[in-house]
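Examining the three-dimensional arrangement
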Amino acid sequence: MRTFLLITPILLCAGSAASQPVAAPVQGIALYTYGYNPDPIVLTAGKAVTLNFLNRATKGHDFTAKKFFSSSRIISGDVGEGEIDLEPGRSASVTLVPTAGQYKVHCGHPFHKMMGMSGDIVVR
């Protein structure tokens, strides 16, 4: 009888945990004055991930990666025309399933790319 009582709670816990949806891992991406961190951004092909973008700069920046976003399956979030535009101190999240490849990212604001605000996304 004691064995049954000890096993029952373990089975109940295992059953309730299995019914919980699994959240996608989170990858933070900081936009700062003329750069992105991390660079390169390394992701796993075919695995859902939530990208959390935060603009740490005192001016607006964007994360323009049209080819990357168009080849990914977007689960949630708004990537407009392949970009995420953020005012200073603002953040945004996108959950997606990336496709293997190497992609370029840059800031589309005037002269920002020329000042070095560009990077790479590597999906393996």
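Refer to the preceding data block for the structure.
A brief structural summary. (Residues numbered from 1 in each chain as written. Predicted model: local features only at pLDDT ≥ 70, side-chain atom pairs only at ≥ 80, totals over all residues. Heavy atoms only, no water.)

1. Overview of the overall build of the protein chain
Worth spelling out the cut-off: Secondary structure elements are defined from DSSP: runs of H or I of at least 4 residues count as helices, runs of E of at least 2 residues count as strands, and each element is numbered from the N terminus. Exposed residues in this analysis have more than 50% of their type's maximum accessible area, buried residues have under 20%, and partly exposed residues fall in between, with area computed by a 1.4 Å probe over protein chains only. Any two residues whose heavy atoms approach within 4.5 Å at even a single point are treated as in contact. Accessible areas in this description were obtained via Shrake-Rupley with a 1.4 Å probe; residue shielding takes into account the shown protein chains only.
Scanning the protein chain for helices and strands turns up two helices and 10 strands. Traced from its N-terminal end to its C-terminal end, the protein chain shows the element sequence α-β-β-β-β-β-α-β-β-β-β-β. Counting only residues that meet the buried cut, the protein chain has 32% of its 124 residues in that class. In the protein chain, the share of contacts with a sequence separation of at least 24, taken over all contacts with a separation of at least 6, comes to 65%. As presented, the protein chain carries roughly 7,700 Å² of accessible surface, and 58% of it is formed by carbon and sulfur atoms.

2. Section: unusual backbone geometry
Here the residue pair Asn 37 and Pro 38 is connected by a cis peptide bond, since its omega of 10 degrees sits within 30 degrees of zero. The topology assignment puts Pro 38 in the loop between β2 (35–37) and β3 (41–43). The amide bond that connects Asp 39 to the next residue, Pro 40, takes the cis arrangement and shows omega of 10 degrees. For Pro 40, the location among the structural elements is in the loop between β2 and β3.

3. Notes on the packing of aromatic side chains
Formally: Any pair of Phe, Tyr and Trp rings, taking the six-membered ring for Trp, is counted once the centres come within 6.5 Å. Such a pair is stacked with planes under 30 degrees apart, edge-to-face with planes over 60 apart, and tilted for the rest.
Enumeration over the complete set of coordinates arrives at five aromatic pairs. Plain terms: the ring middles of Phe 63 and Phe 69 are 6.1 Å apart, the flat faces sit at 65 degrees to each other, and that makes the pair edge-to-face. A relative accessible area of 1% places Phe 63 in the buried class. Where Phe 68 meets Phe 69, the ring centres are 5.3 Å apart and the plane angle is 55 degrees; that geometry is what we call tilted.

4. A closer look at the environment of Pro 110
By the secondary structure assignment, Pro 110 is in the loop between β9 (101–106) and β10 (118–123). Assessed through its relative accessible area of 63%, Pro 110 is described here as exposed. On a C-alpha basis, the gap between Pro 110 and His 61 in space is 9.9 Å, while along the polypeptide they are 49 residues apart.

5. Focus: the side chain of Ser 72
Here is the rule we go by: For this analysis, a polar contact is any N or O atom pair within 3.5 Å, provided that within protein one partner can donate a hydrogen and the other can accept it, and provided that sequence-adjacent residues contribute only side-chain to side-chain pairs.
Mapping Ser 72 onto the fold places it in the loop between α2 (66–71) and β6 (73–76). Ser 72 sits in the buried class, given a relative accessible area of 9%. Separated by 2.9 Å, the side chain of Ser 72 and the backbone oxygen of Phe 68 make a polar contact. What Ser 72 contacts, discounting residues up to four positions off in sequence, is Leu 96, Val 97, Pro 98 and Thr 99.

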